[in-house]
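Single-letter residue listing:
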Amino acid sequence: MMKTIIHTEKAPAAIGPYSQAVKAGGFIFVSGQIPVNPATGEVVAGGVEAQTKQVLENLTAILNSQGLGLDRVVKTSVFIKDMNDFQKINAVYAEYFNSEAPARACVEVARLPKDVLVEIEAIAVV
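The shown structure was predicted, so the numbers you read here are calculated from the model rather than taken from an experiment.

As a further point, take the overall build of the chain. When its secondary structure is counted, the chain shows two helices and six strands. Traced from its N-terminal end to its C-terminal end, the chain shows the element sequence β-β-β-α-β-α-β-β. Taking 14 Å as the expected radius of gyration for a compact globule of 126 residues, we find that the chain reaches 14 Å, a close match to that expectation. For the C-alpha atoms alone, the extent of the chain along its principal axes is close to 40 × 30 × 25 Å. Buried residues in the chain amount to 40% of all 126 residues. Within the chain, contacts between residues separated by at least 24 positions form 68% of all contacts whose residues are at least 6 apart in sequence. Looking at the chain as shown, the accessible area adds up to about 6,800 Å², and 54% of this sits on carbon and sulfur atoms.

In structure tokens form, the structure reads like this:
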């Protein structure tokens, strides 16, 4: 099986030994995106809504680099710092996935990289 490493300057660089995304077997596997502004390298301010928006913008930028959009996403995993933010995250998420939403898992975690409030990974069909 052939695989292709995906990288775009329009999304934050990986902060560890992983790729932004990998294309393999007709799918793109996007690594967990955190709310880092790719231009500044800093976590965005403004609370969980602003962070969720930046995460989804980063995910979109990675897919766009391959000529794809969020409509090709079939599965996401959402990791949140506080389940009390679930409704706020859902409200922003629904702006990006407003029809035929992908399958999804959402879990509360003890801690995320850079102490962010939300991280989302995705699988898309090529």
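Moving on to the pairing of strand 3 (residues 27-33). Burial of strand 3 is extensive: five of the seven residues sit out of reach of the surface. Pairing between strand 2 (residues 21-24) and strand 3: four bridges, direction antiparallel. When the sheet's bridge partners are listed, Ala-21 is paired in strand 3 with Val-30. With antiparallel pairing between neighbouring strands as the criterion, strand 2 and strand 3 make up a hairpin whose turn holds two residues, including Gly-25 at a positive phi of roughly 55°. One ladder, built from five bridges, connects strand 3 with strand 6 (residues 118-125); its direction is antiparallel. Residue Val-30 lies in a different strand from strand 6, and its bridge partner there is Ala-122.

Another point: the packing of aromatic side chains. Counted according to the given criterion, the structure contains two aromatic pairs. Summarising the aromatic geometry, the rings of Phe-27 and Phe-29 are spaced 6.1 Å apart at their centres and angled 45° between planes, so their arrangement reads as tilted. With a relative accessible area of 37%, Phe-29 lands in the partly exposed category. Ring centres 4.7 Å apart and planes at 40° place the aromatic pair Tyr-93 and Phe-97 in the tilted group. Taking relative accessible area as the criterion, Tyr-93 reaches 6% and is therefore assigned buried. Assessed through its relative accessible area of 8%, Phe-97 is described here as buried.

Within the secondary structure layout, Asn-58 lies in helix 1 (residues 47-64). On the basis of relative accessibility, which here comes to 1%, the residue Asn-58 falls in the buried class. A distance of 3.0 Å separates the side chain of Asn-58 from the backbone oxygen of Ile-34, its partner in a polar contact.

Our focus in this paragraph is the pairing of strand 5 (residues 103-108). As paired strands, strand 4 (residues 73-80) and strand 5 are joined by six bridges and run parallel to one another. Bridged to Thr-76 within strand 5 is Arg-104. Each parallel crossover has a hand, and the one from strand 4 via helix 2 (residues 86-96) to strand 5 is right-handed.

Throughout the structure, instances matching the rule amount to two salt bridges. Among the ionic pairs, Lys-53 bridges to Glu-57, the shortest N-O distance being 3.8 Å. A residue pair is termed a helical-turn pair when its members lie 3 or 4 positions apart in one helix, as Lys-53 and Glu-57 do in helix 1 at four residues. Since its relative accessible area comes to 36%, Glu-57 is described here as partly exposed. Notably, a salt bridge pairs Asp-115 with Arg-111, separated by 2.6 Å at the nearest N-O pair.

The rules we used
- Residues numbered from 1 in each chain as written.
- Predicted model: local features only at pLDDT ≥ 70, side-chain atom pairs only at ≥ 80, totals over all residues.
- Heavy atoms only, no water.
- Helix = DSSP H or I, 4+ residues; strand = E, 2+ residues; numbered from the N terminus.
- Rg over C-alpha atoms; globule rule 2.2 N^0.38 Å.
- Buried < 20%, exposed > 50% of the residue type's maximum accessible area, 1.4 Å probe, protein only.
- Contact = heavy atoms within 4.5 Å.
- Areas by Shrake-Rupley, 256 points an atom, 1.4 Å probe, with all protein chains shown as cover.
- Pairing = 2+ DSSP bridges.
- Phe/Tyr/Trp six-rings, centres within 6.5 Å; stacked < 30°, edge-to-face > 60°.
- Polar contact = N/O pair within 3.5 Å; in protein donor to acceptor, adjacent residues only side chain to side chain.
- Right-handed = clockwise from strand over helix to strand, strands pointing away.
- Salt bridge = Lys/Arg side-chain N within 4 Å of Asp/Glu carboxyl O.

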